[in-house]
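Working through the structure, step by step
Letter by letter, the chains look like this.
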Amino acid sequence: QVQLVESGGGLVQAGGSLRLSCAASGRTFSVCAMGWFRQAPGKERELVGEIPWSGGSAFYADSVKGRFTVSRDNAKNTVYLQMNSLKPEDTAVYSCATKHRTVRPGTTSYEYIYWGQGTQVTVSS
């Protein structure tokens, strides 16, 4: 198993910045990538950004591209989500999750399996 602990959420004014952290422990050798998700009330969960665990560039949703940055510190087994130029519509519960390769008869897939507890980000106008 992989355990994830998030921190860094809070209340910020529009235009401000926040940095979220996600510290992983346990069987991190099985992690392929780390993703940041968010879910606002009444809306579906959205993948905000994803970064490969051991190398490579991050992927971002169009809604946050140019404002959010995902980075990692492999020595600390920690992934960060730097959020700049925040907007009220960024208000949501943000969660990190680890992506793993899963093999079943006849197919191989990559799935998000372990999740953090979530942290609230509120952006006031």
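Please refer to the structure placed before this passage.
Because the structure is a prediction, the values reported are computed rather than measured.

The rules behind each value
- Residues numbered from 1 in each chain as written.
- Predicted model: local features only at pLDDT ≥ 70, side-chain atom pairs only at ≥ 80, totals over all residues.
- Heavy atoms only, no water.
- Phe/Tyr/Trp six-rings, centres within 6.5 Å; stacked < 30°, edge-to-face > 60°.
- Helix = DSSP H or I, 4+ residues; strand = E, 2+ residues; numbered from the N terminus.
- Buried < 20%, exposed > 50% of the residue type's maximum accessible area, 1.4 Å probe, protein only.
- Lys NZ or Arg CZ within 6 Å of the ring centre and 35° of its normal.
- Disulfide = S-S within 2.5 Å.
- Pairing = 2+ DSSP bridges.
- Axes fitted to C-alpha atoms, helices over the stretch in contact; angles between N-to-C directions.

1. With respect to the packing of aromatic side chains
The tally for this structure, following the rule as stated, stands at three aromatic pairs. Plain terms: the ring middles of phenylalanine 37 and tryptophan 115 are 4.8 Å apart, the flat faces sit at 50° to each other, and that makes the pair tilted. Residue phenylalanine 37 is found in strand S4 (residues 33-39), and its partner tryptophan 115 is found in strand S10 (residues 107-115); the two are separated by 78 residues along the sequence. The exposure class of phenylalanine 37 is buried, given its relative accessible area of 8%. Classification of tryptophan 115 by relative accessible area gives partly exposed; the value is 29%. Ring plane angle 50° and centroid distance 6.2 Å describe the contact between tyrosine 112 and tryptophan 115, whose orientation is recorded as tilted. Here the aromatic residues Phe37, Tyr112 and Trp115 are joined through ring pairs into a cluster of three or more. A cation over an aromatic ring shows up here: arginine 45 above the ring of phenylalanine 37, its NZ or CZ 5.6 Å from the ring centre.

2. Quick word on the state of the cysteines
Across all of its chains, the model carries one disulfide by this definition. Residue pairing for cysteine 22: its cysteine sulfur links by disulfide to cysteine 96, the two sulfurs lying 2.0 Å apart. Between cysteine 22 and cysteine 96 the sulfur-sulfur dihedral comes to about 65°; the bridge is accordingly right-handed. One end of the pair, cysteine 22, is in strand S3 (residues 18-26); the other, cysteine 96, is in strand S9 (residues 92-104), with 74 residues separating them in the sequence. Accessibility expressed as a relative area gives 0% for cysteine 22, which makes it buried. Cysteine cysteine 32 remains unbridged, with the sulfur of cysteine 22 as its closest cysteine sulfur at 15 Å.

3. Concerning unusual backbone geometry
What you tend to see is this: most non-glycine residues have negative phi, and most peptide bonds are trans. Phi is positive for asparagine 77, which is not a glycine, with a value near 50°. Along the polypeptide, asparagine 77 turns up in the loop between strand S7 (68-73) and strand S8 (78-83). Even without being glycine, serine 85 reaches a positive phi, approximately 50°. For serine 85, the location among the structural elements is in the loop between S8 and S9. For serine 85, a relative accessible area of 41% corresponds to the partly exposed category.

4. Here's the deal with the sheet that holds S7
Hydrogen bonding along the main chain pairs the strands of a sheet, whether they run parallel or antiparallel. Across the sheet, four strands lie side by side as S1-S3-S8-S7; this open sheet has antiparallel pairing. If you trace the sheet from one side to the other, it starts and ends with strand S1 (2-7) and S7, each paired once. Taking each pair of neighbouring strands and ignoring which way they run, the sheet shows an average axis angle of 20°.

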